[in-house]
Amino acid sequence: MSKAIQAVRGMNDLLPDAVERWQRIEALARDVLHAYGYREIRLPVLEKSELFARSIGSLTDIVEKEMYSFEDRSGENLTLRPEGTAGCVRAGIENGFLHNQIQRLWYAGPMFRHERPQKGRYRQFHQIGVEAFGIETPDLDAELIVMCARLWRALGLDGISLQLNSLGTPASRAAYRSELVRYLEARRSVLDEDSLRRLDKNPLRILDSKNPAMQDVVTAAPSLSEHLDDASRAHFERLLDLLRRAGIEYTINPRLVRGLDYYTRTVFEWTTERLGAQSAVCAGGRYDGLVEQLGGKATPAAGFAIGMERLAELLAQQGDQNHEVHPQAYLVLLGADAEGEGLTLAERLRDAGVRVECNGGGGSLKTQLKRADRSRARHALLLGEDEVRTASVTVKDLRDGTQRSIAQSELVDLLLKKLDEE
Ligand code: HAM
């Protein structure tokens, strides 16, 4: 036997039990998003590599180390999208739907980052993302957060909390950055290897360090919030006020800086302590400069993305109920005539909205009843030579073992009644 091929590391198969949980999340998310006027957009998985360097930032971990980039057959440098915001902005500029209008959009799909795989961190993962364009005021930031909270409630999710920060404008951030670098330069000897590497390129990320040995130096570092420009401060205050009015609890985390360069002003993360190191279930913020940076007309914007694997894992840990979609009836077919008639009988049931699995590949009554059990259908419908001759069908309740024979013409009504009672 030749060796079986395995999946690419960090890229998971999603088996039917898991898919059914995801479908429930997706259906609830869709309802919540539609309730706020967001419309779905579907975007390519491949984009030109340059798009991500120009948006996420060429000095970020994602662009420097984590992208799946390659030259295609015509020599074009392409990348499997590591996130959805850049592509959404690119599509908005290209299709002309951003300028001078308000757009509320959402998307869902796979993203790719060549990170070290561990629980909650994969190389192919999935996001439900939201992007809103054309609203500069903090009511939009509040809407995004309230919308997340509604989704968590709809899902029955608990153990998740909101962290917030403001990164100010590019100018106020640059001023802060110089001061932070001065502070860190003076403490070079206590910086770890990671921080030394970030010092020149992306010093704000040092604040995000999880290394216990770095905590003292990080805690004593100058704070970004003291360097906010007045307009950003007012924006942030107003957002906090709106959240309080909406009854949303939050923690201000001055060290929340995010790993993508495009953010301005508000950034937020919904985090949990139940997933180990990969604590962010949903993250986002405002990115007022990105549309212009990518060649469009200046357009304020904000959004977030939910990590599906992490959200699904949290719900599974919580022991959410089973969302399995199984057939309601299993059609047992004994003999060639029954097989022939079974096909149309099953179609009639499906026309009436019943989920029916038909036995395939023959087999004895015993074998077929075993398969019926395994299908998890509640009802087995037995069609043998006698039933075909008398246009009847035997309906067996697989839970209590009772059975009765009825005319085929009565089957739809009877089954619908039984299903209704369940
Ligand atoms: P992000 O923080 O890079 O932001 O990713 C958002 C979420 O995706 C994370 O909070 C996490 O739940 C999930 N995630 C990220 N990387 C992985 C991974 N390797 N494995 C599993 N899950 C992962 C963004 O992507 C921004 N585009 C969000 C945004 C939209 N900001 C504005 N609009």
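Nothing here was measured: the structure is a model prediction, and the numbers come from that model. (Residues numbered from 1 in each chain as written. Predicted model: local features only at pLDDT ≥ 70, side-chain atom pairs only at ≥ 80, totals over all residues. Heavy atoms only, no water.)

The next thing to look at is the overall build of the chain. Assigned secondary structure in the chain consists of 15 helices and 16 strands. Computed over its C-alpha atoms, the radius of gyration of the chain comes to 28 Å, more than 25% above the 22 Å expected for a compact globule of 422 residues. Taking all 422 residues of the chain together, the buried fraction comes to 50%. The long-range fraction of contacts in the chain, counting pairs at least 24 apart against all pairs at least 6 apart in sequence, stands at 70%. Roughly 21300 Å² of accessible area belongs to the chain as shown, and the carbon and sulfur atoms make up 48% of that amount. (Helix = DSSP H or I, 4+ residues; strand = E, 2+ residues; numbered from the N terminus. Rg over C-alpha atoms; globule rule 2.2 N^0.38 Å. Buried < 20%, exposed > 50% of the residue type's maximum accessible area, 1.4 Å probe, protein only. Contact = heavy atoms within 4.5 Å. Areas by Shrake-Rupley, 256 points an atom, 1.4 Å probe, with all protein chains shown as cover.)

Taken together, 26 residues lie around the ligand, and Glu 83, Arg 113, Glu 115, Glu 131 and Tyr 263 are the ones closest in. With respect to the ligand, the side chain of Glu 115 contributes an N or O atom lying 2.6 Å from a nitrogen atom. Val 281 places a polar main-chain atom, nitrogen or oxygen, 3.3 Å from an oxygen atom of the ligand. Its free accessible area being 650 Å², the ligand has 96% of it covered by the protein chains. Residue assignment for the shell around the ligand shows that the elements contributing at least two residues are β6 (124–133), β10 (280–286) and β11 (301–307). Sorting elements by how many residues they give to the shell around the ligand places β10 first, with 5 residues. Considering only residue class, the shell around the ligand consists of 13 nonpolar, 6 polar and 7 charged. (Near = heavy atom within 4 Å. Polar contact = N/O pair within 3.5 Å; in protein donor to acceptor, adjacent residues only side chain to side chain. Nonpolar A, V, L, I, M, F, W, Y, C, P; charged D, E, K, R; others polar.)

Here Gly 87 is to be found in helix α4 (residues 85–94). Once residues lying within four places of it in the same chain are set aside, the contact partners of Gly 87 are Leu 43, Glu 47 and Leu 51.

Below, the discussion takes up the sheet that holds strand β16 (residues 403–407). Through backbone hydrogen bonds, the strands of a sheet pair up, either in parallel or in antiparallel fashion. Read from one edge of the open sheet, 5 strands run β13-β12-β14-β15-β16, paired in mixed fashion. At either margin of the open sheet sits one strand with a lone partner, and together these are β13 (356–358) and β16. When the angles between neighbouring strand axes are averaged without regard to direction, this sheet yields 25 degrees. As defined by bridge partners, strand β12 (residues 329–333) adjoins strand β14 (residues 379–383) across 5 bridges and the pair is classed as parallel. Paired with Val 332 across the bridge in β14 is Leu 382. Packed on one face of the sheet, helix α13 (residues 365–374) meets β12, β14 and β15 (392–397) and runs near 165 degrees to β12. (Pairing = 2+ DSSP bridges. Axes fitted to C-alpha atoms, helices over the stretch in contact; angles between N-to-C directions.)

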